[in-house]
Amino acid sequence: EQVAKPGEITLSSEVIATYNDLKMAKKYQFLVFKINEEGTTLEIDQIGEIGSTFDDVVKSLPEKEGRFIFIDVLKDYGDRKALKLIHIFWSPDDAPMKKKVLYANHRALVQRLLEQSSNN
């Protein structure tokens, strides 16, 4: 596990490995991450199998809690098509303000930590 600075969250080796399986090995269509109840650790919430759709992602999201979503989408570049990994920040209007702030404060950090860990 990575050690977090005060106010940051940690990523387990399982989170890093699963993210790398999405990004590099293309084993999944999407991943949904959540912050644990203590606000200290990023956890895997949902794994979308290959062939899952964006509608599948939306159906898996809670109505009152934030999430970090990474999804491989097929992008048409005209002369070719390729998968592109995109990051979606989910923060529903009905989420408690404390949770909204927690997720908003960690949005860039989560993306940066996952990118850094996949480059190691």
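Residues numbered from 1 in each chain as written. Predicted model: local features only at pLDDT ≥ 70, side-chain atom pairs only at ≥ 80, totals over all residues. Heavy atoms only, no water.

K.L.:
Where do I start with the nonpolar core in this structure?
P.N.:
Side chains of nonpolar character tend, in soluble globular proteins, to be buried together. Membership of the largest hydrophobic core comes to 18 residues, with the highest contact counts inside it found for Leu11, Phe33, Leu42, Phe68, Phe70, Val110 and Leu114. Top contributing element to this core by residue count: helix α3 (residues 97–119), with five residues. Core analysis: the second largest hydrophobic core is formed by six residues, Phe30, Val32, Val57 and Ile69 among them. (Core = buried A, V, L, I, M, F, W, Y, C linked by side-chain atoms within 4.5 Å. Buried < 20%, exposed > 50% of the residue type's maximum accessible area, 1.4 Å probe, protein only. Helix = DSSP H or I, 4+ residues; strand = E, 2+ residues; numbered from the N terminus.)

K.L.:
Sorry if this is basic, but what is going on with the packing of aromatic side chains here?
P.N.:
In this description, a pair of aromatic rings is defined by centroid distance and the angle of the planes. By the definition in use, this model includes four aromatic pairs. A ring pair is formed by Phe68 and Tyr103, whose centres lie 5.1 Å apart and whose planes are at 35 degrees; its orientation type is tilted. Linking Phe68 in strand β4 (residues 67–76) with Tyr103 in helix α3, this pair joins segments that are 35 residues apart in sequence. As far as the burial class goes, Phe68 and Tyr103 line up, both buried. Cluster of aromatic residues (ring-pair linked, three or more members): Tyr19, Phe33 and Phe70. A cation over an aromatic ring shows up here: Lys75 above the ring of Tyr77, its NZ or CZ 5.4 Å from the ring centre. Stacked on the ring of Tyr77, the Lys or Arg Arg80 has its end atom at 4.4 Å from the ring centre. (Phe/Tyr/Trp six-rings, centres within 6.5 Å; stacked < 30°, edge-to-face > 60°. Lys NZ or Arg CZ within 6 Å of the ring centre and 35° of its normal.)

K.L.:
Just checking my understanding: could you explain the packing of helix α1 (residues 13–23) against α3 for this structure?
P.N.:
When two helices pack together, their arrangement is captured by the angle between the axes and the distance separating the axes. Orientation of α1 relative to α3, taken along the N-to-C sense of each, is 80 degrees, at an axis distance of 10 Å. Here α1 is positioned roughly perpendicular relative to α3, judged by the angle of their axes. Of the residues in α3, those in contact with Val15, Ile16, Tyr19, Asn20 and Lys23 of α1 are Leu114, Glu115, Ser117, Ser118 and Asn119. For the contact of α1 with α3, the class distribution of residues is four nonpolar, four polar and two charged. (Axes fitted to C-alpha atoms, helices over the stretch in contact; angles between N-to-C directions. Parallel < 35°, antiparallel > 145°, perpendicular 65-115°, else oblique. Contact = heavy atoms within 4.5 Å. Nonpolar A, V, L, I, M, F, W, Y, C, P; charged D, E, K, R; others polar.)

K.L.:
Mind showing me how you'd approach the pattern of salt bridges here?
P.N.:
Opposite charge on two side chains makes pairing possible when the charged atoms of those side chains draw close. Applying the stated rule across the entire model yields six salt bridges. The residue Asp72 makes a salt bridge to Lys26 at a minimum N-O spacing of 3.1 Å. A residue pair is termed long-range when its members are at least 10 positions apart, and Asp72 in strand β4 and Lys26 in the loop between α1 and β2 (28–35) qualify at 46 residues. With a closest N to O distance of 3.2 Å, Arg67 and Glu65 form a salt bridge. Take Arg67: its relative accessible area is 5%, and that puts it in the buried class. Shared partners join several salt bridges into a network, and the residues in it are Asp45, Glu65 and Arg67. (Salt bridge = Lys/Arg side-chain N within 4 Å of Asp/Glu carboxyl O.)

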